[in-house]
Amino acid sequence: MPAPVIVASDLTKKYKDFAAVDGISFEVAPGESFGLLGPNGAGKSTTMRMVGAVSTRTSGDLRILDLDPNDYGPEIRSQLGVVPQADNLDVELKARDNLVVYGRYFGLPRKVVQQRADELMAFAQLEDKVKAKVDDLSGGMKRRLTIARALINDPRILLLDEPTTGLDPQARHILWDRLFRLKEQGTTLVLTTHYMDEAEQLCDRLVVVDKGSIMAEGSPAALIRQYSSREVLEVRFGSDRNEQVAEQLAGIGERVEVLPDRILVYSEDGEAELNHITELGLHPLTSLVRRSSLEDVFLRLTGRSLIE
Amino acid sequence: MSGTESPRGGSVAAGSASGRGAQGPQSEMARAAIAAGTLPRRWGALYVAEHRTRSMAAYKGTIIATGIGNPVVYLFALGVGLATLVDANVGGAGATVSYLTFVAPALLASAAVTIATEEFSYPILGAFKWNPTFFAINASPISPRQIVDGQMLSVLVRMVPSCIVYFLFMLVFGAVPSPIGWLSILAAVATGMAVGAVLMSYVSTLQTDSGQIALLMRFGLTPMFLFSGTFFPLAQLPAYLQWIGWISPLWHGTELGRVFSYGAPEPIWLTVAHVLYLAAWFVFGWLASRRVTARRLNK
């Protein structure tokens, strides 16, 4: 097995007494697509900044590309592409110029930077926005430009912090498609997200993070297998009745979870459970059978939803 | 930074990475990273200056217009217009040079300070906050110190030519009797950078702009222009107000410029003091900016 490109052990970041990241350990292999899934405030971004060699850890051990970021920050950063949570493109520069000036920060010759900027504008599907002002780009375009900028140094590892937060569904799919291509080309991706569908689409393996700690680790499919059932039946009886009905559902399915707006019944066969419920003389306002998702894993692990 | 000394092999690392790491990294990926870090470690500040200078191009019209308009307007209004009044009234009373000659190096230094206050105030806060480009740059191999240094260099790229243009207009107006008058350009640039560096170190600490910068301009910088011996000698002020001039870098820069541009008489120790005082402001502001920026970017 090739040596991991990231090794974190007992990694901790404290702000005064508050531990934003509280002793997490993980490894990322080259070419792998690795995700940190968790709600806002779980410590994902803080972890990303430490991995990005811009935030000094409080304790624990961290090696990126076999180097300690405390000692080799610039060297490590020379091998990374970083897509931060909030776009920080230079709005005083035109779209393509953002790539050009950024490429120079890696000590790349102007000629190389110019050529790569053209290639990446095409990759980001922004060929006709070369001279556009950054402020005139849509949210999805800005995001793609930010990703193009992060690729200007042909990075070994691409760090993406909430890459599609705030984008509309279509823009998200375009972005996922671009990221999937990078993954196919063998770029190591590390991304944080609080979207389970994003994690399922892009991650080979992920850790579920909550309150600065890792709750579980595995591939999306393995996590679902381990922490959830194959199917989920969602029934709604109206927000004032859900709690009361749930008591009568004891024994139905493998597990029942009551949320404010609906009841989740975990089972290998959702349709069969729905029949049981109807046989009990209960008639839900709406019902839905679906596959288990990472959302269910998260709910099981923490008792809370990902998006609150 | 850990202080451990490390005997590390590989010529690529030579000189760029002393005292880092407990053991020399051996893997291919580590060596590649160290090789790629060499140029940014050495030239990072220049890359930042290149970027900032390109951004300035967005308002190059303003830069050129003020660079040419300022000297013409001020030299004409004060050095020619107001001068007729001043020269007529003060002429015999101890004045050794024309009012134009007296006021020109002060206006030059003021122009440099004006550029510094423009470039080291809102653009700095903006780069931390409204358009956080400093964070973007910091995610590349560039260090916070290099960001600060590059910012300083980029301001010089604007300030030096502007001061040269100003000086050329001073020559055209016949305001520079001394053959070493051109040194007043250096005095002006030193003044601008001294004020600018300290301003940057302060602005870098601001989390939000709730009017602090505007207040500073109005109650700090504007009075500085009025009480720094710019338009009249400091000695004309009542004794209890003269201290404002003594602590003002603009007064020191102005007096230094006068020594160069028309040989204003003053003891040599005072000339040396002007230089040292400006240097002290600059070094303090520069180091403080580096420290504040490093802290702010390392969240």
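Residues numbered from 1 in each chain as written. Chains lettered and ligands numbered in written order. Predicted model: local features only at pLDDT ≥ 70, side-chain atom pairs only at ≥ 80, totals over all residues. Heavy atoms only, no water.

## Describing the overall build of chain A
Inclusion rule: Numbering of helices and strands runs from the N terminus; a helix is a DSSP stretch of H or I covering at least four residues, while a strand is a stretch of E covering at least two. Per-residue accessibility, obtained with a 1.4 Å probe over protein chains only, is compared with the maximum for each type, and a residue is labelled buried under 20%, exposed over 50%, and partly exposed between these values. Residue contacts are defined here by distance: any two heavy atoms, one from each residue, within 4.5 Å place the two residues in contact. Only four residue types enter the charge count, namely Lys and Arg as positive and Asp and Glu as negative; His and the chain termini do not. Where a charge sits is defined by one atom per residue type, namely NZ (Lys), CZ (Arg), CG (Asp) or CD (Glu).
When you go through chain A residue by residue, the secondary structure sums to 11 helices and 13 strands. With the C-alpha coordinates aligned to their principal axes, the bounding extent of chain A is approximately 75 × 45 × 40 Å. Burial status across chain A gives 57% buried among its 308 residues. Sequence separation of 24 or more characterises 67% of the internal contacts of chain A that already satisfy a separation of 6 or more. Here chain A holds 38 positive side-chain charges and 48 negative ones, and the gap between their average locations is 7 Å.

## Re the domain arrangement of chain A
Basically, it comes down to this: Source of the domain bounds: an automatic or database domain assignment.
According to the domain assignment, chain A consists of domain 1 (6-219) and domain 2 (229-291). Just the C-alpha atoms count here: the centres of domain 1 of chain A and domain 2 of chain A sit 39 Å apart.

## Some remarks on the pattern of salt bridges
Residue and element names in this part refer to chain A. The following threshold applies: The rule for a salt bridge is simple: a side-chain nitrogen of Lys or Arg has to be within 4 Å of a carboxyl oxygen of Asp or Glu.
Taken as a whole and assessed by the stated rule, the structure comprises 31 salt bridges over all chains. As a salt-bridge pair, Glu162 and Lys44 come within 3.3 Å of each other at their nearest N and O atoms. In this pair, Glu162 is assigned in the loop between β6 (157-161) and α6 (169-184) and Lys44 in helix α1 (residues 44-51), connecting sequence segments 118 residues apart. Exposure class is identical for Glu162 and Lys44. Each is buried. The closest approach of N and O atoms between Asp177 and Arg181, which form a salt bridge, is 3.4 Å.

## Points about the pairing of strand β12 (residues 263-267) of chain A
All names here are of chain A. The following threshold applies: Two strands qualify as a pair provided DSSP detects at least 2 bridges between them.
Of all 5 residues that make up β12, 5 are buried, and the element is covered over most of its length. Of the two faces of β12, the one lined by Ile263, Val265 and Ser267 and the one lined by Leu264 and Tyr266 are each fully buried. Here strand β10 (residues 231-236) pairs with β12 via 5 bridges, running antiparallel. Residue Leu233 lies in a different strand from β12, and its bridge partner there is Val265. Bridge count for strand β11 (residues 255-258) against β12 is 4 bridges, and the pairing is antiparallel. What sits directly across from Arg255, in β12, is Tyr266. Between β11 and the antiparallel strand that follows it, β12, lie 4 residues.

## Describing the packing of helix α3 (residues 95-104) of chain A against helix α4 (residues 110-123) of chain A
All names here are of chain A. Selection rule: Only the stretch in contact is used when a helix axis is fitted, and all axes are lines through C-alpha atoms; the angle between N-to-C directions ranges over 0 to 180 degrees. An angle below 35 degrees is treated as roughly parallel, one above 145 as roughly antiparallel, one from 65 to 115 as roughly perpendicular, and anything else as oblique. Here is the rule for handedness: rotate from the far helix to the near one, and if that takes an anticlockwise turn smaller than a right angle the crossing is left-handed, while a clockwise turn gives right-handed. Basically, the charged four are Asp, Glu, Lys and Arg, the nonpolar ten are Ala, Val, Leu, Ile, Met, Phe, Trp, Tyr, Cys and Pro, and anything else, Gly included, counts as polar.
Packing of α3 against α4 leaves a shortest axis separation of 9 Å and a crossing angle of 140°. Considered as vectors, α3 and α4 are oriented oblique to each other. The element α3 and its partner α4 pack so that their crossing is right-handed. Contacts from Ala95, Arg96, Leu99, Val100, Gly103 and Arg104 of α3 reach α4 at Arg110, Val113, Gln114, Ala117, Asp118, Leu120 and Met121. Tallied by class, residues from the contact of α3 with α4 come to 7 nonpolar, 2 polar and 4 charged.

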